[in-house]
Amino acid sequence: MAAVRRGFLVILCAVVLFALPQLLSVAIGMAAEGQSWSSARRDATGLSPSPDTHPAAIIQVFGARTWGWRGNFAIHTWISMKRENAANYERYEVIGWRARNGGNALVSSRGAPDNHWFGNKPEILAQYEGPGAETLINRIEKVIEEYPHKYEYKVWPGPNSNSFIAHIGREIPDLELDLPPTAIGKDFISGSNMLGSAVSGRGMQFSLLGLGGFAVSPVEGFELHLLGFTLGFDLDDVALKVPGFGRLEMFERQTP
């Protein structure tokens, strides 16, 4: 009987630790919501340098709160890349509704690389530029081409838009991609594998189809995963990772 009580207390503590931050983020309202998704802002934010003034190759990974009530829980992520002296960015993302009736959910476009996502301003989650960026773009495009879940989409627990970007991160460790807890679906490992590297491509991750598990990595730190939510601590950046709010850095980063 004592063992049953201990087990119940452990489960109760886990539910409270994962659910309480999420409930608080819902109460606060973490995402913008206009009167209609069709009239929400989709214009560029200026986070991506103009090809006219930035000839060098550049890679950027973005994340923005999703539209409406779901934005209190999750973000949508995408990757934008520009080759050296290119006149446009190439943007890649997974759009759920396109997978209906067996369609291809993977979208490639030359639209704004850094636009508001239905009213919500994105943030840069990873950026890579310099001499090696052109070669890295070739590698990323090959990973995108071979992505195994182009015709699959599940809002939860994956594969979804965040699972796609996480797949790129695992295959391209050079990006050192550290997706926040709000990137629900990141814990789904492609191929429904239970073991793999963490999203950054470093360390390791154990995942039960994205429903539960953990990750240990020099980039992400230590993460516990439960039902798509993440609770963890990043030793490198001294930051807490909590559902709903994302990363809570304990010290302000110094600008070089």
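(A) Region of interest: the packing of aromatic side chains. Per the stated rule, a full pass over the model turns up five aromatic pairs. Summarising the aromatic geometry, the rings of Trp 78 and Trp 117 are spaced 5.9 Å apart at their centres and angled 35 degrees between planes, so their arrangement reads as tilted. Of the two residues, Trp 78 is situated in strand β2 (residues 75-82) and Trp 117 in the loop between β4 (106-109) and β5 (123-129); the sequence distance between them amounts to 39 residues. Given the relative accessible area of 0%, Trp 78 is considered buried. Overall, the relative accessible area of 10% leaves Trp 117 in the buried class. One aromatic cluster is present, built from ring pairs that chain together Phe 62, Trp 78, Trp 117 and Phe 118. When the ring centre of Trp 97 is taken as reference, the NZ or CZ atom of Arg 98 above it lies at 6.0 Å.

(B) Layout of helix α3 (residues 161-171). The element α3 is extensively covered by neighbouring structure, given that ten of its eleven residues are classed as buried. Of all the residues in α3, the buried ones are Ser 161, Asn 162, Ser 163, Phe 164, Ile 165, Ala 166, His 167, Ile 168, Gly 169 and Arg 170. Where α3 is buried, its residues meet β1 (58-65), β2, β3 (90-94), β4, α2 (133-145) and β7 (204-207).

(C) Spatial organisation of the nonpolar core. Membership of the largest hydrophobic core comes to 30 residues, with the highest contact counts inside it found for Ile 79, Ile 140, Phe 164, Ile 168 and Leu 177. Elements with a contribution of two residues or more to this core: β1, β2, β3, β5, α2 and α3. With six residues, the top contributor of residues to this core is α2. With sequence-adjacent residues up to four places away left out, Ile 79 is seen in contact with Ile 59, Gln 60, Val 61, Glu 90, Arg 91, Tyr 92, Ile 140, Ile 165 and Ile 168.

(D) Spotlight on the environment of Gly 169. Among the secondary structure elements, Gly 169 is positioned in helix α3. For Gly 169, a relative accessible area of 0% gives the class buried. Spatially, the C-alpha atoms of Gly 169 and Ala 126 are 9.8 Å apart, while their sequence positions differ by 43 residues. Once residues lying within four places of it in the same chain are set aside, the contact partners of Gly 169 are Leu 177, Val 199, Ser 200 and Gly 201.

(E) Layout of the sheet that holds β1. Judged by pairing direction, the sheet is antiparallel, and its five strands sit side by side in the order β4-β3-β2-β1-β5 without closing on themselves. Each edge of the open sheet carries a strand with a single partner, namely β4 and β5. Sheet twist, expressed as the average angle between the axes of neighbouring strands with direction ignored, equals 15 degrees. Bridge count between β1 and β2: eight bridges; the pairing is antiparallel. Note on β2: the bridge partner recorded for Ala 64 is His 76. Sitting on the sheet, α3 is in contact with β1, β2, β3 and β4, with an inclination near 45 degrees to β2.

(F) A look at the sheet that holds strand β8 (residues 212-217). Ordered in space as β6-β7-β8-β9-β10-β11-β12, the seven strands form an open sheet in which the pairing is antiparallel. Looking along the sheet, the strands with just one partner apiece sit at the ends: β6 (195-196) and β12 (246-249). For strand β11 (residues 239-242) and β12, the ladder comprises four bridges, and the chain directions are antiparallel. From the neighbouring strand, Leu 240 faces β12, where its bridge partner is Leu 248.

(G) Representation of the packing of α2 against α3 within the structure. Their axes nearest at 10 Å, the elements α2 and α3 cross at an angle of 130 degrees. It follows from the interaxial angle that α2 and α3 lie oblique. The element α2 and its partner α3 pack so that their crossing is right-handed. Along the contact surface, α2 presents Arg 139, Ile 140, Val 143 and Ile 144, while α3 presents Phe 164, His 167, Ile 168 and Glu 171. Broken down by class, the residue content of the contact of α2 with α3 amounts to five nonpolar, one polar and two charged.

(H) Local environment of α2. For α2, with 13 residues, the first-to-last C-alpha span of 18 Å sits near the 18 Å given by 1.5 Å per residue. If you check which residues of α2 are buried, you get Ala 133, Leu 136, Ile 137, Ile 140, Val 143 and Ile 144. Down the axis of α2, the buried side of the element spans an arc of 120 degrees, and every buried residue falls inside it. Turned more than 90 degrees away from the buried face of α2 sit Thr 135 and Glu 145, all of them exposed. The secondary structure elements touched by the buried residues of α2 are β1, β2, β3, β4, β5 and α3.

Conventions we followed
- Residues numbered from 1 in each chain as written.
- Predicted model: local features only at pLDDT ≥ 70, side-chain atom pairs only at ≥ 80, totals over all residues.
- Heavy atoms only, no water.
- Phe/Tyr/Trp six-rings, centres within 6.5 Å; stacked < 30°, edge-to-face > 60°.
- Helix = DSSP H or I, 4+ residues; strand = E, 2+ residues; numbered from the N terminus.
- Buried < 20%, exposed > 50% of the residue type's maximum accessible area, 1.4 Å probe, protein only.
- Lys NZ or Arg CZ within 6 Å of the ring centre and 35° of its normal.
- Contact = heavy atoms within 4.5 Å.
- Core = buried A, V, L, I, M, F, W, Y, C linked by side-chain atoms within 4.5 Å.
- Pairing = 2+ DSSP bridges.
- Axes fitted to C-alpha atoms, helices over the stretch in contact; angles between N-to-C directions.
- Parallel < 35°, antiparallel > 145°, perpendicular 65-115°, else oblique.
- Left-handed = near helix turned anticlockwise from the far one by under 90°.
- Nonpolar A, V, L, I, M, F, W, Y, C, P; charged D, E, K, R; others polar.
- Expected span 1.5 Å × (residues − 1).
- Arc of directions from axis to C-beta.

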